[in-house]
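Residue-level structure breakdown
Here is how the chains run, residue by residue.
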Amino acid sequence: MGRHRKAAAPPAPAAPARAPHAPGPPGAPGRDRYFDALRAAALVRVVTYHTFGWAWAGLVFPSMGIMFALAGTLMATSLRRPAPGVIRRRLRRLLPPFWFWGAFVVAAMLAHGWRPGGEIVHWIVPLGDPPGQAWAEQAWEIAWYLRTYLWFVLLSPLLLRLFRRAPVPVLLGSLAPVAVFTFAWQPPENRFGGALTDLATYLFCWLLGFAHHDGVLRRARPAAAVALSAAALACGLWYALAHRAEYGTYDLDENPLAQALWSAGFVTLLLYAKARRGTDLAGLARVRWLDRLVTVLNARAVTVYLWHEIALILAVPLTDLLWRVPACAAYLPLGSQWFLFGVCWLLLAALVPLCGWVEDLAARRKPRLLP
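Reference entry: report on the structure contained in this document. (Residues numbered from 1 in each chain as written. Predicted model: local features only at pLDDT ≥ 70, side-chain atom pairs only at ≥ 80, totals over all residues. Heavy atoms only, no water.)

**Section: the packing of aromatic side chains**
The condition is simple: Pairing of aromatic rings covers Phe, Tyr and Trp, the last counted by its six-membered ring, and requires centre-to-centre distances within 6.5 Å; plane angles under 30 degrees mean stacked, over 60 mean edge-to-face, and any other angle means tilted. Strands are runs of DSSP state E lasting at least two residues, helices are runs of H or I lasting at least four, and both sets are numbered from the N terminus onward. Burial status follows relative accessibility: with a 1.4 Å probe on protein chains alone, a residue under 20% of its type maximum counts as buried, one over 50% as exposed, and anything between as partly exposed.
Applying the stated criterion to the full structure yields 30 aromatic pairs. Ring geometry for Phe100 versus Trp357: centroids 5.5 Å apart, planes at 70°, classification edge-to-face. Note that Phe100 is positioned in helix H4 (residues 83-111) and Trp357 in helix H18 (residues 357-362), a separation of 257 residues in sequence. Ring geometry for Phe183 and Tyr239: centres 6.0 Å apart, planes at 85°, overall edge-to-face. Of this pair, Phe183 sits in helix H8 (residues 176-183) while Tyr239 sits in helix H11 (residues 222-242), and the two are 56 residues apart along the sequence. A relative accessible area of 59% places Phe183 in the exposed class. Aromatic ring contacts, followed pair by pair, group Phe68, Trp144, Tyr145, Tyr149, Phe152, Tyr202, Trp206 and Tyr305 into a single cluster.

And the structure:
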């Protein structure tokens, strides 16, 4: 995730599925399995990227762009109601899981000798990156996503009004800020600058969610939509490869402009397929285990996102313990990253029922071990 090791983690409307921050009850009427499947795949890709660190993972599936687009669709639907109430509900669903997770992370850092200053307020309301100790950076750095989501929620009433005045110009123009930050003015390397960069990087994807909700994508001509998407993909890939030496990698998470362009083209094609062709993946229900997995990942998306790095951290000493068992050392591939990946998912399978009930409380639902 670059500075944040972005994946590319962690929490729709009646037709579109809900965003990861506001999962609805599994099997709820009107859920769209196409969007549910996209969100589940995005979460799996996040965990995979953080396990293996594959630079090409963002090119195969830009998870964060997809997640912000789905969240934007949900937000546009919710804003049919008065904005203050919508924002309160989003905060209510986001903050309790964040506080619950943060209590463990902060407690571990305090026990390790961390002494925070006034910036610890960002562990209460993450309008900026929460501060942390370098020792636990792998655990807390993923909070950038919640910070960015929170800012998009707060800005959405204004963004939606601007978008509806001139949908296509505003959508296309939303790529301008990240270009300005790349070529004209670089934001400072602090909480403020980090927030600006991430907002600029994913602004197009958030507004693309508005475009899907309002039918702008459905009305777009196929030739225009495909041509613009292809152009964005080509420019994003070219910029990532051409500036590989400057950024030290072609990993999109290290390169905001390449990330913004590639995500814009990739996510546009995914949402355009939904808007024009009505792709729904209803047949997913025929594969019962996969359908169940998609349901759980959507209902516990915030939990999986927030806790997956802790699962990866815990997987290392657990694997080390297995090296002390002669049979395990002889017959298990303990030195393989794939083994670590498997242990991580086993730990997540335990953490989801142990911690996921907080999402139910935040949504004012009856707490359940599994959805």
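Moving on from the coordinates now.
**Structural notes on the pattern of salt bridges**
Where we set the bar: What makes a salt bridge here is a side-chain nitrogen of Lys or Arg within 4 Å of a carboxyl oxygen of Asp or Glu, nothing more.
According to the stated counting rule, one finds 9 salt bridges in the structure shown. A salt bridge links Arg164 to Asp214; the shortest N-O distance between them is 2.8 Å. Separated by 50 residues along the polypeptide, Arg164 in helix H6 (residues 144-165) and Asp214 in helix H9 (residues 191-214) bring together distant segments of the chain. Arg300 is paired through a salt bridge with Asp360; the nearest N and O atoms lie 2.6 Å apart. With Arg300 in the loop between helix H14 (288-299) and helix H15 (301-323) and Asp360 in helix H18, this pair connects stretches of sequence that are 60 residues apart. Looking at Arg300, the relative accessible area reads 0%, which means it is buried. It is possible to trace a salt-bridge network through shared partners that takes in Arg33, Asp36, Arg39 and Asp291.

**Describing the environment of Leu354**
Along the chain, the position of Leu354 falls in helix H17 (residues 337-355). The spacing of Leu354 and Leu257 is 97 residues in sequence and 39 Å in space, taken between C-alpha atoms.

**What about H9?**
How we decide: What a helix is expected to span follows from its residue count: subtract one and scale by 1.5 Å. One axis fitted to the seven residues ending at a residue, another fitted to the seven starting there: the angle between these axes is the bend at that residue. Polar contact is the term for a pair of N or O atoms within 3.5 Å; when the atoms are in protein, one must be able to donate a hydrogen and the other to accept it, and sequence-neighboring residues count only if both atoms are side-chain atoms.
The end-to-end C-alpha distance of H9, which contains 24 residues, comes to 33 Å, matching closely the 34 Å that a straight helix rising 1.5 Å per residue would cover. At Tyr202, H9 shows its largest bend, some 50°. Within H9, 20 of the 24 residues are buried, which leaves it mostly tucked inside the rest of the structure. The N-capping residue of H9, defined by a side-chain oxygen 3.1 Å from the backbone nitrogen of Phe192, is Asn190.

**Concerning the side chain of Arg45**
We apply this condition: Counted charges follow a simple rule, with Lys and Arg positive, Asp and Glu negative, and His plus the chain ends left uncounted.
With respect to the helices, strands and loops of the structure, Arg45 is situated in helix H1 (residues 33-52). For Arg45, which is buried and forms no salt bridge, the nearest opposite charge comes from Asp253, at a distance of 4.9 Å. Among the polar contacts listed, one links the side chain of Arg45 to the backbone oxygen of Phe61, at a separation of 2.9 Å.

**Description of the side chain of His243**
For clarity, the threshold we go by: When checking whether two residues touch, look at their non-hydrogen atoms; a contact exists if any pair is within 4.5 Å.
Residue position: His243 is located in the loop between H11 and helix H12 (244-247). With near-sequence residues (within four places) excluded, His243 lies in contact with Trp238, Thr249 and Asn255.

**Observations regarding H1**
Its 20 residues give H1 an end-to-end C-alpha distance of 28 Å, which sits within 8% of 28 Å, the value for a rise of 1.5 Å per residue. Phi turns positive, to about 70°, at Gly53, one or two residues after H1.

**Some words on the packing of H6 against H9**
Applied cut-off: In this analysis an axis means a line fitted to C-alpha atoms, helices contributing only their contacting stretch, and an angle means the value between N-to-C directions, from 0 to 180 degrees. Should an angle fall under 35 degrees it is taken as roughly parallel, and over 145 as roughly antiparallel, whereas 65 to 115 is taken as roughly perpendicular and any remaining angle as oblique. Left-handed describes a crossing whose near helix is turned anticlockwise from the far helix by less than a right angle; the clockwise case is right-handed. Just so you know the grouping, Ala, Val, Leu, Ile, Met, Phe, Trp, Tyr, Cys and Pro go in nonpolar, Asp, Glu, Lys and Arg go in charged, and all remaining residues, Gly too, go in polar.
Taken N-terminus to C-terminus, the directions of H6 and H9 make an angle of 50°; their axes are 9 Å apart at the nearest point. As judged from the angle between their axes, H6 and H9 are oblique. Crossing hand, H6 versus H9: right-handed. Where H6 approaches H9, its residues Trp144, Arg147, Thr148, Tyr149, Trp151, Phe152, Val153, Ser156, Leu159, Leu160, Phe163 and Arg164 are matched on the opposing element by Gly194, Ala195, Asp198, Leu199, Tyr202, Leu203, Trp206, Leu207, Phe210, Ala211, His213 and Asp214. When the residues that make up the contact of H6 with H9 are grouped by side-chain class, the tally is 16 nonpolar, 4 polar and 4 charged.

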